[in-house]
Amino acid sequence: MQPLDDGLSRRRFCKAAVAVGGASALSACLGRFRDEPVPTGDPDAKPARQHAWREHIRHDDHGNSLLPEHQLLLYVDLDADGPPGDDARATVDEALSTLDRAYEWSNDGLVFSVAYSRSYFDRFDRPLPEDLDLPEPRALSGFETPTFDTQDAVVHLASDNADVVLEAEAGLTGDRETINGEDVTARLTDAVTVDSRRTGFVGAGLPAKHQDAEGIPDGNPVPEESPLFMGFKAGFVGNQATEDSVTLDSGPFAGGTTKAVANLRQRLGDWYGEQDHREQVMEMFSPGHAEDGLVEGIGANLGDDSKVDQYVDDIVDQAREFGRVGHAQKAARGNRDEDGNVRLLRRHFESTDDIGSDQQVASLHFPTLQRGISEFEAVREAMNGTDITAETPAVRQRVNNGILEYIFVRRRGYFLVPPRRHRSLPTPRPE
Ligand code: HEM
């Protein structure tokens, strides 16, 4: 048995186990590494919002959220045609309540959500409220042809304990009688079928340990301390929307939010092979960040804010001078409301999934939360930088244009995350 304080080995092993899944991976993970009890849950202590994670997970010294290290997305379809009946609703409710009882709502236990697509709501005769901004997914640039995720729902499980993620999954979809000591009284898969299972990880050390994936060049270029494959830290609290600001404040789904989830393939050969750190900083943040020497290493020295706002207004002048434009400076242009507040809450994590195959490829699951999906679409369009390519010959659709040379959108889906009280197969107008 592995020494219990060997955290890195534990994380590596259990990350592999999450990716493999199934009962054998779970028992291997549990058997080898169960060091201290996982805290059980009090259903009455769960937050009213399914997306209330921030106060229940770890933060770094600057107050930036440290997302749970192991994450799983289960895309599911209802077994029956038409609108779901009360039996299916009760089954889903019981299956989710089992997770409530089994795990504390925290990074040591489990945070999770279930979110529903436009296609799901189209099963009903009554429409969603008109002001609910939840379209069907679409391509957002002329240079991407994603497959659209229009399954009925996506269940998102996240924990710092890989074995918790696997065990919770087994409670929802497997044949376990108990999870974390609590009886499994109903299974999600009594009402739905899993169409697609996607896994991922995030946090210092994990990308470096899993860089033997297609898309990452030889020579172990991913820095050990980086939480992401591209070698930088993301998600500074100053550049993120708050949970409050992405929460719907009226209508039957008040307390909920919307969720866009993309899957992107990463090809980092030229990122690591042809760009030095200064050039990477220009393309990831802005040329101004590089000129002013703001980013050391992975950028943890930036503290609680990427400081990108000062490099947005003269973005075209910078592009002309340096022949490049930064990813963050482009995205930021679309990411402020009229009062200057950040619109999107990004919660992305890395993966080696190649959806539909057994290959290991560097990829990224990219969930964002916002009040309406059109806010996500506006940011993504700002990130395309099409206006800048028109102004600056050196910046082309995919060259010198932020990180667009290295990322390729493969899937996209849009969902509504209802408040917890309506999380189980809601009608379009609950209550
Ligand atoms: C491999 C893929 C990606 C990586 C490694 C990455 C990395 C980063 C980094 C390092 C920053 C600056 C620090 C921060 O504010 O978090 C940033 C900012 C940002 N990125 Fe990405 N990103 C990726 C993909 C995307 C995609 C697909 C979108 C789509 C909308 C996006 C939207 C944003 C936004 C909105 C900001 C914040 C800009 C601001 O308002 O300050 N990113 N990203």
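What you are looking at is a predicted structure, and each value in this text was computed from that prediction instead of being measured.

Scoring rules and cut-offs
- Residues numbered from 1 in each chain as written.
- Predicted model: local features only at pLDDT ≥ 70, side-chain atom pairs only at ≥ 80, totals over all residues.
- Heavy atoms only, no water.
- 1 Å grid on protein atoms, 1.4 Å probe; cavity = no way out; pocket = protein on both sides within 12 Å on 5 of 7 lines; lining within 4 Å.
- Points joined across faces, edges and corners; volume = space filled by probe spheres on them.
- Helix = DSSP H or I, 4+ residues; strand = E, 2+ residues; numbered from the N terminus.
- Nonpolar A, V, L, I, M, F, W, Y, C, P; charged D, E, K, R; others polar.
- Donors = N, O, S within 2.8 Å, 3.2 Å for Na, K, Ca; no water.
- Core = buried A, V, L, I, M, F, W, Y, C linked by side-chain atoms within 4.5 Å.
- Buried < 20%, exposed > 50% of the residue type's maximum accessible area, 1.4 Å probe, protein only.
- Contact = heavy atoms within 4.5 Å.
- pLDDT = per-residue confidence, 0-100.
- Phe/Tyr/Trp six-rings, centres within 6.5 Å; stacked < 30°, edge-to-face > 60°.
- Lys NZ or Arg CZ within 6 Å of the ring centre and 35° of its normal.

Its volume calculated, the largest pocket comes out at about 580 Å³. Forming the boundary of the largest pocket are 30 residues, of which Ser65, Leu66, Leu67, Ala234 and Gly235 lie nearest the centre. Every element with two or more residues in the lining of the largest pocket is listed here: strand E2 (65-66) and strand E11 (345-346).

Tallying each qualifying case throughout the model produces four cavities of 30 Å³ or more. Quantified by volume, the largest cavity comes out at close to 680 Å³. Elements that contribute at least two residues to the lining of the largest cavity include exactly strand E10 (257-266), helix H11 (327-334), strand E13 (363-370), helix H12 (373-384) and strand E14 (407-417). Taken together, the residues of the lining of the largest cavity sort by class into 22 nonpolar, seven polar and six charged. The computed volume of the second largest cavity comes to approximately 80 Å³. Around the second largest cavity sit Gln50, His51, Trp53, Ser113, His156, Lys259, Leu345, Arg347, Pro367, Thr368, Leu369 and Val417, which together line it. The element contributing the most residues to the lining of the second largest cavity is E13, with three residues. For the lining of the second largest cavity, the residue count by class is five nonpolar, five polar and two charged.

Within the protein, a single donor atom binds the iron atom of the ligand, namely His327 (NE2) at 2.1 Å. Among the secondary structure elements, histidine 327 is positioned in helix H11.

Within the largest apolar cluster, 50 residues are counted, with the highest numbers of intra-cluster contacts made by Leu99, Tyr103, Leu110, Phe121 and Leu157. Elements that contribute at least two residues to this core include exactly strand E3 (70-78), helix H3 (86-102), strand E4 (111-117), helix H4 (118-121), strand E6 (153-159), helix H5 (162-173), H12 and E14. If you tally residues by element for this core, the top one is H3, at six residues. Residue contacts for tyrosine 103: discarding those within four places in its chain leaves Val38, Pro39, Thr40, Gly41, Lys46, Gly109, Leu110, Val164, Glu167, Ala168, Ile179 and Asn180. Membership of the second largest hydrophobic core comes to 31 residues, among which are Leu302, Phe366, Leu404 and Val409.

Let us look at the environment of aspartate 337. Looking at the secondary structure, you find aspartate 337 in the loop between H11 and E11. Distance in space between the C-alpha atoms of aspartate 337 and alanine 319 is 24 Å, their sequence separation being 18 residues.

Another aspect to go through is the confidence of the model for the protein. Within the protein, residue pLDDT values average 93, and 92% of them lie at 70 or more. With pLDDT under 50 throughout, residues 1-8 is counted as low confidence; its partners more than four residues away or in other chains account for eight contacts.

Here the structure, examined in full by the defined rule, presents 12 aromatic pairs. With 4.8 Å between their ring centres and 40° between their planes, tyrosine 116 and tyrosine 120 make a pair best called tilted. Each of the two residues, tyrosine 116 as well as tyrosine 120, counts as buried. The ring of tyrosine 75 is capped by arginine 198, whose NZ or CZ atom sits 3.9 Å from the centre of that ring. Residue placement shows arginine 267 over the ring face of phenylalanine 408; its charged tip is 5.4 Å from the ring centre.

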